[in-house]
Amino acid sequence: MIRTIAALTLLTALAACQPEKPTVSPVVSTQNTNDTRIAKRVFGAIPEPSAQAPAPLGFYSRGCQAGGQALAETGPTWQAMRLSRNRNWGQPELIDFVQDLSRVAAAQPGWNGLYVGDISQPRGGPMLTGHASHQVGLDADIWLKPATSLSLTRTERENISSDRMDRRSGAFVNNSWTPQHEAIVKAAASDPRVARIFIFPGAKVEMCKNATGDRSWLNKVRPWYGHNYHFHVRLNCPRGAAYCEDQPAPPAGDGCADAQEWVNNIINPPPPQPRDPNAPAPQPKRELTMARLPAQCAAVAAN
């Protein structure tokens, strides 16, 4: 059942890693203990990175980043998209990964590199719109549109859209999906820096059907809602990042049966569960305040 899979995924995401001894002096602060400011308003308004050593702080959906680095707007094998959002900032490990993957993409027929969507804000943290994650500089959205031109203007990058790759609400790939897409996703998933790749379930099932030889890379490719125009790459916490919270490894195996279950439930949705008339009314989602972020984020916002 999709509900079961989603619940397990959420529980997995909430688990923290065992931190290693830091290799850089982390920022430490208790200034945000009673800080009731809405975190997305604080971090969404900051246009520049903090003047600190790079460090991902907290979990992917509840944290911030010190010392964020910008992915250059245009490189030899990539272009950053939607520049007005100012979300092309990440930790050095992620910037290196994106550049490495773009070179793999540039070697594919019909591709000159990658179009890179949102990474993080200059100091990470919650965003005013969009993502729940992308907060610590270790997440990146990679467009599924082949990057045929790397000379797009800023205006073109605001107005061009990625290509939709699914049909039947994500149950299957459409005719735009190619072996080149699979090769790029496989290269990303095969990188030891990568913890997860999120993509629509039909793409995962298609890759499961086509994979030959070593299938271990499929383990990191996880089905998720909405990822039919891009795939989402999430890196592991870098070695020595003492205040970064990792996700535990995915369940053992290639994950293909789980992806097929997602597809089956899209095609034949299970009947809705009856609502308990005595159940309490659902509570509105709480806004993340500064007090609910890691203590170090107060210094990141203020630095």
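Residues numbered from 1 in each chain as written. Predicted model: local features only at pLDDT ≥ 70, side-chain atom pairs only at ≥ 80, totals over all residues. Heavy atoms only, no water.

Engineer: Any chance you could explain the nonpolar core here in plain terms?
Structural biologist: Across soluble globular proteins, nonpolar side chains show a tendency to be buried alongside one another. Within the largest apolar cluster, 46 residues are counted, with the highest numbers of intra-cluster contacts made by Phe 97, Ile 197, Ile 199, Met 207 and Phe 231. Secondary structure elements with two or more residues in this core: strand S5 (78-80), helix H3 (92-106), strand S7 (114-116), strand S8 (139-143), helix H5 (179-190), strand S11 (194-199), helix H6 (201-210) and strand S13 (230-235). Looking at this core element by element, the count peaks at six residues for H3. Ile 46, Ala 66, Val 300 and Ala 301 belong to the second largest nonpolar core, which has 14 residues in total. (Core = buried A, V, L, I, M, F, W, Y, C linked by side-chain atoms within 4.5 Å. Buried < 20%, exposed > 50% of the residue type's maximum accessible area, 1.4 Å probe, protein only. Helix = DSSP H or I, 4+ residues; strand = E, 2+ residues; numbered from the N terminus.)

Engineer: Could you clarify how one ought to interpret the state of the cysteines in this entry?
Structural biologist: As used here, a disulfide is simply a covalent bond connecting the sulfur atoms of two cysteines. A complete count under the given rule lists three disulfides for this structure. In this model Cys 64 forms its disulfide with Cys 297; the gap between the sulfur atoms is 2.1 Å. The S-S bond linking Cys 64 to Cys 297 shows a torsion near -100 degrees; that makes this disulfide left-handed. Of the two residues, Cys 64 is situated in strand S2 (residues 62-66) and Cys 297 in helix H8 (residues 296-302); the sequence distance between them amounts to 233 residues. With a sulfur-sulfur separation of 2.0 Å, Cys 208 is cross-linked through a disulfide to Cys 256. Here Cys 208 and Cys 256 share a disulfide; its torsion about the S-S bond, -90 degrees, makes the bridge left-handed. Here the residue Cys 208 occupies a position in helix H6, and Cys 256 occupies one in helix H7 (residues 256-267), the gap between them amounting to 48 residues. In this pair, the class of Cys 208 matches that of Cys 256, namely buried. (Disulfide = S-S within 2.5 Å.)

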